[in-house]
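Topology and contacts: notes
Take a look at the letters that make up each chain.
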Amino acid sequence: MMGAQVNAAELLQQALSSNIIPNQEFLLQGSILDSAAENLLHRLRGLCDNVDASPETFSDIEMCFSLKLPTEKAPVMTVRVRRAQDVEAPLQLRYIGQPELGDRTRPTLVRSSLDIACTPHVIDFLTEMGFRLDFEYSTKGYMFRKGRMKITVSKILKNITEPISQSYLVELSVLAPKGQDAIAEDMRIFAEQLKPLVQLEKIDYKRFAQMP
């Protein structure tokens with residue numbers, strides 16, 4: 001198993017260094033209390049496409065897998081598998097890279113992203129490669145679209161039904177090929193229209209990692 005893990009890690013690192021990941025995710029995040037969520041949903045209905053239709057709902061289970069080596073403290077690779085609970089759909093295997101270190105004035109967080117539709121056997125495949133399940137959780141909420149932008153308002157749940165907080169996670173994202181940085185400014189402008197209901201920000205994940 002040790003040999004399989006090393007080979008998998010080497011192949012994955014070679015793929016990343018070869019820029020095999022063609023897309024970037026531009027992302028802003030925030031949260032809103034349960035008591036104010038309905039006001040935000042009403043605002044989004046007015047701002048987003050298909051205002052006459054009800055927002056699309058979703059209910060997913062997300063599993064986070066990591067590949068670790070005995071010689072390394074930190075995982076060499078982390079991937080996520082998402083399974084829809086409310087519709088018949090392929091599982092989604094997702095790789096998310098580390099946020100890019102660039103211009104601090106950039107309006108959004110930017111990271112490499114790759115989504116692949118898979119059969120349920122993907123979990124067995126990851127296990128054979130040496131990946132192990134770190135944690136899983138459920139998300140349930142609403143999704144809106146404004147052009148290329150996707151806006152989700154979701155509740156994070158444990159044990160499928162139990163909310164972990166009295167607030168909703170709000171995410172504004174765009175998946176685009178590399179080199180289309182102008183989309184970040186469009187996202188900033190859209191996020192301004194959601195104030196003061198919700199403050200969408202570029203989250204510094206390293207700050208959380210340094211917390212005791």
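Relevant structure appears above.
None of these values were measured; they are calculated from a predicted model.

1. What to know about the environment of Lys-155
Within the secondary structure, Lys-155 is located in strand β7 (residues 149-158). You can call Lys-155 buried: its relative accessible area is 9%. Linking Lys-155 and Gln-166, residues 11 residues apart in sequence, is a C-alpha distance of 8.8 Å. Those residues in contact with Lys-155 that sit more than four places away from it in its chain are Asp-34, Ser-138, Thr-139, Lys-140, Pro-163, Ser-165, Gln-166, Ser-167 and Tyr-168. Only 2.5 Å separates the side chain of Lys-155 from the side chain of Asp-34, close enough to count as a polar contact.

2. Quick word on the pattern of salt bridges
Throughout the structure, instances matching the rule amount to 11 salt bridges. Glu-62 is the salt-bridge partner of Arg-82, the closest N and O atoms lying 2.8 Å from each other. Taken together, the residues span a long stretch of sequence, with Arg-82 in strand β3 (residues 77-84) and Glu-62 in strand β2 (residues 56-67) at a distance of 20 residues. Its relative accessible area of 30% is what places Arg-82 among the partly exposed residues.

3. Describing the environment of Phe-190
With respect to the helices, strands and loops of the structure, Phe-190 is situated in helix α4 (residues 183-192). Judged by its relative accessible area of 3%, Phe-190 is buried.

4. A short note on helix α2 (residues 34-47)
Here α2 spans 20 Å end to end across 14 residues, near enough to the 20 Å set by a 1.5 Å rise per residue. Those residues of α2 not exposed but buried are Ala-37, Leu-40, Leu-41, Leu-44 and Leu-47. In a view along the axis of α2, the buried residues occupy a sector of 125°, so they form one face of it. Exposed and facing more than 90 degrees away from the buried side of α2 are Ser-35, His-42 and Gly-46. Among the structural elements, β1 (23-33), β6 (131-146), β7, β9 (167-177) and α4 are those in contact with the buried residues of α2.

Conventions and cut-offs
- Residues numbered from 1 in each chain as written.
- Predicted model: local features only at pLDDT ≥ 70, side-chain atom pairs only at ≥ 80, totals over all residues.
- Heavy atoms only, no water.
- Helix = DSSP H or I, 4+ residues; strand = E, 2+ residues; numbered from the N terminus.
- Buried < 20%, exposed > 50% of the residue type's maximum accessible area, 1.4 Å probe, protein only.
- Contact = heavy atoms within 4.5 Å.
- Polar contact = N/O pair within 3.5 Å; in protein donor to acceptor, adjacent residues only side chain to side chain.
- Salt bridge = Lys/Arg side-chain N within 4 Å of Asp/Glu carboxyl O.
- Expected span 1.5 Å × (residues − 1).
- Arc of directions from axis to C-beta.

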